[in-house]
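Survey of secondary and tertiary structure
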Amino acid sequence: MLGDGNGWVRTPDGAQRWGLYGAAGLFLVAEGRVLMQHRAAWTAQGDTWGIPGGARDSHETATEAALRETVEECAVDTARITVHRELVTADLQGWTYTTVLASAPEPLAVQANEESEELRWVPLDELGALELHPGFAASLPQVIAALGPVWDA
C-alpha cells in the first residue's frame, strides 16, 4: 500500500526515526558529482543537506523506496539511473536506513518539491562544506569507502 511506511518509530537508542519499515535514500553519482538535497526547514533534521530519500513502504525493497522518493522529491528520470548496490548505513535493531549507490551518465535535470529548499549536483570533495544531515554525515565515510566502481561509472 502506497504510503503505509510513513510514520515515526522509536529505536532502541531512544531516538525517533522516520519510516515504520525503515528508510532508504539514493546516493546518485554523475560526472564526479552527487545529487544533494537541501532539506526544507519543516522536515525532520530540516535545513541540512542529504540525499533524496524517505520511508520504505511495507511492500518495497530499499532500492524501490529510494527511487520512488527520488522521483517524488527531485522528479528525476529513473530510466537513466543504474543502481549498483544497497548499503545498510544504519541498523538500529529493527530499523534500518539503506543507502542505494547509483549512477547516471550525466547530471540529470531535477525539480524540487516542497520537501526541498534546493537540489544541487555537488562534487564529492565539496560535501564537507555543506551542513549535512547528521545521519548522512555519520554514514558518509562508509558510503565513500563503498563507492569504488560507482564513482568511476
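Residues numbered from 1 in each chain as written. Predicted model: local features only at pLDDT ≥ 70, side-chain atom pairs only at ≥ 80, totals over all residues. Heavy atoms only, no water.

Summing up the model confidence of the protein, the mean pLDDT is 90 and the portion of residues at 70 or higher is 96%. Confidence, expressed as mean pLDDT per element, reaches its minimum in the protein at helix α3 (residues 149–152) with 61 and its maximum at strand β3 (residues 23–30) with 96. (pLDDT = per-residue confidence, 0-100. Helix = DSSP H or I, 4+ residues; strand = E, 2+ residues; numbered from the N terminus.)

The subject of this paragraph is the layout of surface pockets. In this structure, the largest pocket occupies an estimated 1,000 Å³ of space. Lining the largest pocket are 38 residues, with Trp18, Arg39, Ala44, Tyr97 and His133 positioned closest to its centre. Mapped by element, the contributors of at least two residues to the lining of the largest pocket are β2 (16–18), β4 (33–39), β6 (53–55), α1 (62–74), β7 (82–91), β8 (96–103) and α2 (134–147). The element best represented in the lining of the largest pocket is α2, accounting for six residues. Here the residues of the lining of the largest pocket sort into 15 nonpolar, 15 polar and eight charged. (1 Å grid on protein atoms, 1.4 Å probe; cavity = no way out; pocket = protein on both sides within 12 Å on 5 of 7 lines; lining within 4 Å. Points joined across faces, edges and corners; volume = space filled by probe spheres on them. Nonpolar A, V, L, I, M, F, W, Y, C, P; charged D, E, K, R; others polar.)

For the coordinates displayed, the defined rule picks out two aromatic pairs. Between the aromatic rings of Trp8 and Trp18, the centroid separation amounts to 5.2 Å while the plane-to-plane angle is 70 degrees, which identifies the pairing as edge-to-face. Note that Trp8 is positioned in strand β1 (residues 8–10) and Trp18 in strand β2, a separation of ten residues in sequence. Judged by its relative accessible area of 34%, Trp18 is partly exposed. (Phe/Tyr/Trp six-rings, centres within 6.5 Å; stacked < 30°, edge-to-face > 60°. Buried < 20%, exposed > 50% of the residue type's maximum accessible area, 1.4 Å probe, protein only.)

Once that is clear, we can look at the pairing of β8. Along β8, seven of the eight residues are buried, which leaves the element largely enclosed by surrounding structure. Judged from the seven bridges that link them, β3 and β8 form a sheet pairing that is parallel. Bridged to Gly25 within β8 is Thr99. Examined bridge by bridge, β7 and β8 share eight bridges and lie antiparallel to one another. The partner of Leu87 across the bridge, within β8, is Thr99. (Pairing = 2+ DSSP bridges.)

The next thing to look at is the pattern of salt bridges. Within the structure shown, the criterion is met by six salt bridges. Residues Glu72 and Arg68 are paired through a salt bridge, measuring 3.0 Å at the closest nitrogen-oxygen approach. With a gap of four residues between them, Glu72 and Arg68 both fall in helix α1, about one helical turn apart. A relative accessible area of 18% means that Arg68 is categorised as buried. Put simply, Arg80 and Glu106 hold a salt bridge, and the shortest N to O gap is 2.0 Å. Taken together, the positions of Arg80 in the loop between α1 and β7 and Glu106 in the loop between β8 and β9 (116–123) put the pair 26 residues apart, joining distant regions of the chain. Among the ionic contacts, a cluster of salt bridges with common partners joins Glu60, Arg68, Glu69 and Glu72. (Salt bridge = Lys/Arg side-chain N within 4 Å of Asp/Glu carboxyl O.)

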